[in-house]
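One letter stands for each residue in the lines below.
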Amino acid sequence: MKYEFSNIDKKWQDAWDANSTFKVENDYSKPKYYTLIEFPYPSGQGLHIGHPRPYTAMDIVSRKKRMEGYNVLFPMGWDAFGLPTENYAIKNHIHPSIVTENNIKHFKEQLKSIGYSFDWSREINTTDPDYFKWTQWIFLQLYKKGLAYKKEMNVNFCTSCKCVLANEEVVNGVCERCGSEVIHKVKSQWMLKITEYAQRLIDDLEDLDFLERIKTQEINWIGRSEGAEVNFNTSAGDEVTVYTTRPDTLFGATYMVMSPEHSLIEKWKEQIQNIDEVTKYQVEASKKSDFERTELVKDKTGVCLDGIRAINPVNGKEIPIFISDYVLATYGTGAIMAVPAHDERDWDFAKVFSLPIVEVVAGGNVQEAAYTDVATGIMCNSDFLNGLEVSEAKKTIISWLETNGKGHSKVNYKLRDWVFSRQRYWGEPVPMVWCDNCGWVPVPEEELPVRLPEVEHYEPTDTGESPLSKIHDWVNTTCPKCKAPAKRETDTMPQWAGSSWYFLRYCDPNNKNELASREALDYWMPVDWYNGGMEHVTLHLLYSRFWAKFLYDIDILGCKEPYKKRTAHGMILGENGEKMSKSRGNVINPDDVIAEFGADTLRLYEMFIGDFEKAAPWNPSSIRGCKRFLDRTAGLLDFVNGNGITSKLEAPLHKLIKKVTEDIDTMKFNTAIAAMMSFLNDVYDNGSITIDELVIFIKLLNPFAPHLTEEMWQILGNNSFLSVEAWPKYDESKTVENTVEIAVQVNGKLRATIRISKDASKEEAISIAKNESKVIESLTEKTIVKEIYVPGKIVNIVVK
RNA sequence: GCCGAUGUGGCGGAAUCGGCAGACGCCACGGACUUAAAAUCCGUUGGGAAGAAAUUCCCGUACCGGUUCAAGUCCGGUCAUCGGCACCA
């Protein structure tokens, strides 16, 4: 058979569609398997060559699970709110919903042309009011539980997107999306209290089958630290609380540092003798962007608050107070006790200002460098802590603080609450109304969804207000509570809102009354295997785990974690090993690849390209090898003959079934394909294969190359779909051949290979080995010291 | 600086519990087919040396050292690259 992919691809894609081959029912009697990939943002550029890598991988897993008899949910949808669509709409004067619709149409055609086994009847779209009704509903539940609140605060603001950003969206001081400068702005923002879930987001990772690097990245991002809060009296009379992870070094605190934004400074302004200098420093600090602040790491700056002293609670000593921007207002209490002897930053600062450095943990030379080793140090210069180990000293001092009312132990997290407002048009409206009498009032649930108004212009405003604020008909409403005139919230939700729960909607996508029925959720959730990009670990992945936990708490969802298993794929790079981009001119279009080689070759090549978890450069010649393999597979039909399993191919086939089955489960798609190629080479060498042998082979290949294998299955006289036939089983005992080839070494050097029975005894193996001429040669005039035989592997004779 | 990962031919990459390093594919080279090219098929292909040849020998998994009959794999140290976090007290 000649492999004419252009006819075959379309034929089977249409057939699967027409027969709803991959439609899945909520059949609660069957064992389920839920495979998930991150739904795409339908951009104007269409599908990127990188998309098919994770999609094909999970399609293979899904197809195999289906053939193994599972009820498989493998859905697809669109994460369609977002700035590029809005910007395109603004530029071309087309409504974002029309842009979205066109983009989705294009994406869907492209995905269909690769032959994925999605259940398209469950397709969802985050911009569909029937969908975002429930995004808004979840927001209202968060609000009711006090987990959504509006707060005036200093936020990250992208100067190009003209929009606030969450902490997670600022990368190296610039906007994660567009790379523009991020400045600080004080704005009133909706916030979600993800910090309330910080500990659970760490703890519950333990039982999950996530890649280790994903777990550690999340844990580091959440940034738990254990320490103590300590109260210092001041000469001004006010108490200042500091946070420290080293309460054991309290005797070494020689000064205190407050962040420039600390609220007590305003209160103290009458008593601070150098208030002008202090104010000047505050103004300078506030002007610095995140980027500038991190740029200046090495040079410590600050101003001493003249006229006010802090009193170390443990020894009553007076110490100076500084303000410096190396202390962050947003972490801990915004103030620290400085122990220059045992903290590098404090040490640097002390050197600049010539402050005393008092050693309290012995073991270093604190005049030369800060000594930060906590594992081996013994306390000194610390009164009742002297002689204790650091860990003991920590316990002792904390109990002293608690007894004397001077402080207590405290856990802090780097994680911040989630800034949830965006000043843009193309997002879910926040379903809240401001009433001058009642304050913030939630839109009643029966009035959801709050739709976006139809307008002419969506441009963001230069004032940093949402474009919706100018739509007076929409903004002006009545208070749901007291019926007085009131105004709608004009901010929309961030792009991450819709994706924080989409996997739940797939379980029951057309439900009008609930986000999904409890029955459906209990059946399908949690997701059994979720694959996605590493770039989402501290964004989407964390956010969606938070929402799932909240929905678990309010008894909507029955599991406390949404995903059982999470894996990540590597990027596909350009031919030159660089990231693909238009400006580098190294972009590969999947449509072109399909036109030239067919969908199955694209699928196979993306799986064969390398280690699934690692980045791999595109290679236009390597893909030919995959096409060749499929051509040769099609060619098997030309000499297939007879029935049954021949003794020649029995062991190789059982081995192959085992290999492919295991490799799919462990994401080693490249070696699964290599094994199939090897098998095919053997068949060509032998020049014969029976129908039954061929059927096993094409079943194994089906998840990788579904179009060609369906066609071959039909040519072999079958009317069913190969894609829903049973997955082949192997017999462990038949994977081993009766004789094995093993290596014979003398002193670790290869001298011969021998073929012996797999059950040969040590004596037999060694005596056969000793009959090999090469072995005899290297044994002459030597004394045998030791003889080693590892069955199936090796014989090694050690001589002197 | 901290955390995580990775280092194997010309290239992408294989190698179960320590057991024949380089599977599979690409590239390259030689040959067949062809008027020719493409496609296809057959063969060679880690490096080096000797030989007319069959063949033989030496070196080789970033580097240095160790354990072992045996190390890409285990242990100690060094270097390099990539990713994440980064004044979080």
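Bear in mind the structure is a predicted one, so any value in this text is a computation, not a measurement.

Asker: Explanation requested: the environment of Cys 380 in the structure shown.
Answerer: Mapped onto the fold, Cys 380 is located in the loop between strand E18 (378-379) and helix H12 (390-403). Along the chain, Cys 380 and Asn 26 lie 354 residues apart, while their C-alpha atoms are 68 Å from each other. Discounting chain neighbours no more than four positions away, the residues touching Cys 380 are Glu 359, Val 360, Val 361, Ala 362 and Asn 386.

Asker: I'm lost on the protein's contact with RNA strand B in this one. Help?
Answerer: The immediate surroundings of RNA strand B are formed by 54 residues, with Thr 245, Arg 345, Ile 609, Arg 628 and Lys 774 found nearest. Backbone atoms, meaning sugar plus phosphate, form 63% of the atoms of RNA strand B positioned within 4 Å of the protein. One of the side-chain nitrogen or oxygen atoms of Arg 416 is found 3.1 Å away from a base oxygen of RNA strand B. In this structure, a phosphate oxygen belonging to RNA strand B sits 3.3 Å away from a side-chain N or O atom of Lys 668. Among the elements that make up the surface near RNA strand B, the one with the highest residue count is helix H21 (residues 669-686) (six residues). Its residues assigned to classes, the surface near RNA strand B shows 20 nonpolar, 17 polar and 17 charged.

Asker: It is not clear to me how the sheet that holds strand E25 (residues 529-532) should be interpreted in this structure. Could you clarify?
Answerer: Backbone hydrogen bonds are what pair the strands of a sheet, in a parallel or an antiparallel way. One open sheet accounts for five strands, arranged E2-E1-E25-E26-E10; its pairing is parallel. The sheet is open, and its two borders are formed by strand E2 (71-73) and strand E10 (209-210), each paired with just one other strand. Sheet topology places strand E1 (residues 32-37) next to E25; three bridges connect them, and they run parallel. The partner of Thr 35 across the bridge, within E25, is Trp 529. Its contacts with the sheet put helix H7 (residues 212-222) on E10 and strand E26 (565-568), and the angle it makes with E26 is roughly 100°.

Asker: I tried to follow the pattern of salt bridges on my own but got confused; where do I start?
Answerer: Between side chains of opposite charge, a pair can form when the charged atoms approach closely. Going through the model one piece at a time under the given rule, you end up with 41 salt bridges. Between Arg 566 and Glu 38 there is a salt bridge, and its shortest N-O distance comes to 2.8 Å. In this pair, Arg 566 sits in strand E26 while Glu 38 sits in the loop between E1 and helix H2 (52-67), placing the two residues 528 residues apart along the sequence. Comparing Arg 566 with Glu 38, the two get one shared label, buried. Ionic pairing is found between Glu 561 and Lys 549, a salt bridge with its closest N-O pair at 2.9 Å. Of this pair, Glu 561 sits in the loop between helix H16 (540-553) and E26 while Lys 549 sits in helix H16, and the two are twelve residues apart along the sequence. What makes Glu 561 buried here is its relative accessible area of 7%. Given a relative accessible area of 0%, Lys 549 falls into the buried group.

Asker: I tried to follow the packing of H2 against helix H18 (residues 599-608) on my own but got confused; where do I start?
Answerer: Helices that pack against each other are described as a pair by the angle of their axes relative to one another and the distance between those axes. Relative to each other, H2 and H18 sit at 100°, their axes nearing to 9 Å. Taken together, the axis directions place H2 and H18 in an arrangement best described as roughly perpendicular. Residues Pro 52, Arg 53, Thr 56, Ala 57, Asp 59, Ile 60 and Arg 63 of H2 lie in contact with H18, whose contacting residues are Arg 603, Glu 606 and Met 607. Looking at the contact of H2 with H18, its residues break down into four nonpolar, one polar and five charged.

Asker: Sorry, what's going on with the confidence of the model for chain A here?
Answerer: Detailed reading of the predicted coordinates is not advisable wherever pLDDT is low. Mean pLDDT over chain A stands at 91; residues scoring 70 or higher make up 99%. Both scores are available for the predicted complex, with the pTM at 0.93 and the ipTM at 0.94.

Asker: Where do I start with the packing of aromatic side chains in this structure?
Answerer: Per the stated rule, a full pass over the model turns up 48 aromatic pairs. Between the aromatic rings of Tyr 425 and Trp 426, the centroid separation amounts to 6.4 Å while the plane-to-plane angle is 15°, which identifies the pairing as stacked. Given the relative accessible area of 1%, Tyr 425 is considered buried. In textbook terms, an aromatic cluster arises when at least three aromatic residues are bridged by ring pairs, as seen for Phe 139, Tyr 143, Trp 190, Tyr 197, Trp 418, Phe 420, Trp 434, Trp 440, Trp 496, Tyr 543, Phe 546 and Trp 547. Across the ring face of Tyr 33, the terminal group of Lys 65 is positioned such that the distance to the ring centre comes to 4.5 Å. Directly above the ring of Tyr 684 sits Arg 632, whose terminal nitrogen or CZ lies 4.3 Å from the centroid.

Asker: Explanation requested: H12 in the structure shown.
Answerer: Think of an α-helix as 3.6 residues a turn; residues three or four steps apart then line up on the same face. For H12, which comprises 14 residues, the first-to-last C-alpha distance of 20 Å matches the rise-based estimate of 20 Å (1.5 Å per residue) to within 8%. Where H12 is concerned, the buried positions are Val 390, Ala 393, Ile 397, Ile 398 and Leu 401. Considered in projection along H12, the buried side chains sweep an arc of 130° and stay on one side of the axis. Along H12, exposed side chains directed more than 90 degrees from the buried face belong to Lys 395 and Thr 403. Once H12 finishes, Gly 405 follows within two positions and takes phi at roughly 65°, a positive value.

Asker: Would you mind showing me how to read H7 here?
Answerer: Every buried residue belonging to H7 is among Ile 214, Lys 215, Glu 218 and Ile 222, and all of these are buried. The buried residues of H7 occupy one face: seen down the axis, they fall within an arc of 100°. For H7, the exposed residues set more than 90 degrees away from the buried face come down to Glu 212 and Asn 220. Buried residues along H7 sit in contact with helix H6 (198-203), E10, strand E11 (224-234), strand E19 (407-413), H16 and E26. Directly beyond the C-terminal end of H7, a positive phi value near 60° is found at Gly 223.

Asker: Is there a simple way to think about the side chain of Glu 561 in this case?
Answerer: Looking at Glu 561, its side chain comes within polar contact range of the side chain of Arg 545, at 2.8 Å. Here the side chain of Glu 561 touches Lys 549 through a polar contact of 2.9 Å, side chain to side chain. Aside from chain neighbours lying at most four places away, what touches Glu 561 is Asp 204, Leu 208, Pro 526, Arg 545 and Lys 549.

What counts, and where the lines are drawn
- Residues numbered from 1 in each chain as written.
- Chains lettered and ligands numbered in written order.
- Predicted model: local features only at pLDDT ≥ 70, side-chain atom pairs only at ≥ 80, totals over all residues.
- Heavy atoms only, no water.
- Helix = DSSP H or I, 4+ residues; strand = E, 2+ residues; numbered from the N terminus.
- Contact = heavy atoms within 4.5 Å.
- Near = heavy atom within 4 Å.
- Polar contact = N/O pair within 3.5 Å; in protein donor to acceptor, adjacent residues only side chain to side chain.
- Nonpolar A, V, L, I, M, F, W, Y, C, P; charged D, E, K, R; others polar.
- Pairing = 2+ DSSP bridges.
- Axes fitted to C-alpha atoms, helices over the stretch in contact; angles between N-to-C directions.
- Salt bridge = Lys/Arg side-chain N within 4 Å of Asp/Glu carboxyl O.
- Buried < 20%, exposed > 50% of the residue type's maximum accessible area, 1.4 Å probe, protein only.
- Parallel < 35°, antiparallel > 145°, perpendicular 65-115°, else oblique.
- pLDDT = per-residue confidence, 0-100.
- Phe/Tyr/Trp six-rings, centres within 6.5 Å; stacked < 30°, edge-to-face > 60°.
- Lys NZ or Arg CZ within 6 Å of the ring centre and 35° of its normal.
- Expected span 1.5 Å × (residues − 1).
- Arc of directions from axis to C-beta.

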